[in-house]
Amino acid sequence: MGIKIWKESVLKTDMVFENALEQEAESMALRTIRTIGDEILTKKCRKLTEMKPRYQELIGDMLDTMYNVQGVGLAAPQVGILKQIVVIDVSEEGDSSVILINPEIVELSGEQTGQEGCLSVPGKAGVVTRANYARVKALNEKMEEIVVEGEGLFARALQHEIDHLSGVMYVSKVQGQLLDTRQEEEQEEQS
Ligand code: NI
């Protein structure tokens, strides 16, 4: 699985690490994650036309919130903000955050079928077939044009998070039944 980020046709992976360091310098703030049934998760998000301090703060909070629950991605509507912002980090170390503003999928190819979950659907997972490769055009938090592409989990995260921006939840794409990932715990509690 590979992740590549370009800015103006130049490979620019250091951007990711700069962002991570900048975020660490700010104070940590967690936002409440909206869960399925909340109407805000079904709404379309608006594009950002300029970066404002409150969006910088939002992005920092989204990263903190995602890392706090070991998520691999989070979209602004999941914290109640109807703006086209997503954060993703599929690295095991949690040191490779990607911030995407106004993201647009420009290419999809291949196919992957696997389990998917969502921070807004706690305790559940389901099998979803998605493209195995995705290429996305977006702006970074400095409102500079970037292109990101990747395969496997990163491609899945891109498609899942960008779906959130148009009010689409993965549960509408699940093949078969939603699985209960907390089944064992609950059975123990009941007995
Ligand atoms: Ni989600």
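The sections below set out a description of the structure shown in this document. (Residues numbered from 1 in each chain as written. Predicted model: local features only at pLDDT ≥ 70, side-chain atom pairs only at ≥ 80, totals over all residues. Heavy atoms only, no water.)

### A look at the overall build of the protein
Alright, step 1. Helices and strands together make up the secondary structure of the protein, namely four helices and ten strands.
Alright, step 2. Put simply, the protein runs from its N terminus to its C terminus through helices and strands in the order β-β-α-α-β-β-β-β-β-β-β-α-β-α.
Alright, step 3. Of all 191 residues assigned to the protein, the portion counted as buried reaches 46%.
Alright, step 4. In the protein, once contacts between residues fewer than 6 apart in sequence are set aside, the share between residues at least 24 apart is 68%. (Helix = DSSP H or I, 4+ residues; strand = E, 2+ residues; numbered from the N terminus. Buried < 20%, exposed > 50% of the residue type's maximum accessible area, 1.4 Å probe, protein only. Contact = heavy atoms within 4.5 Å.)

### Let's talk about the coordination of the nickel ion
Alright, step 1. Those protein atoms acting as donors to the nickel ion are Cys118 (SG), His160 (NE2) and His164 (NE2), and they sit at 2.0 to 2.2 Å.
Alright, step 2. One chain supplies every donor to the nickel ion, and in sequence these donors are spaced C-x41-H-x3-H. You can see Cys118 sitting in the loop between strand S6 (112–116) and strand S7 (124–130) and its partner His160 sitting in helix H3 (residues 152–165), a full 42 residues away along the chain.
Alright, step 3. A relative accessible area of 6% places His160 in the buried class. (Donors = N, O, S within 2.8 Å, 3.2 Å for Na, K, Ca; no water.)

### So, the pattern of salt bridges
Alright, step 1. Under the criterion given, the structure shown has nine salt bridges.
Alright, step 2. Two residues, Glu116 and Arg156, come together in a salt bridge whose shortest N-O distance is 2.5 Å. Here Glu116, found in strand S6, pairs with Arg156, found in helix H3; they are 40 residues apart in sequence, far enough to count as distant. Across the pair, exposure class does not vary: Glu116 and Arg156 are buried alike.
Alright, step 3. The partner of Lys124 in a salt bridge is Asp180, with the nearest N and O atoms 3.9 Å apart. With Lys124 in strand S7 and Asp180 in strand S10 (residues 175–180), this residue pair connects regions lying 56 residues apart in the sequence.
Alright, step 4. Exposure remark for Lys124: the relative accessible area of 33% places this residue in the partly exposed category. (Salt bridge = Lys/Arg side-chain N within 4 Å of Asp/Glu carboxyl O.)

Functional significance is not addressed by these values, which are geometric in nature.
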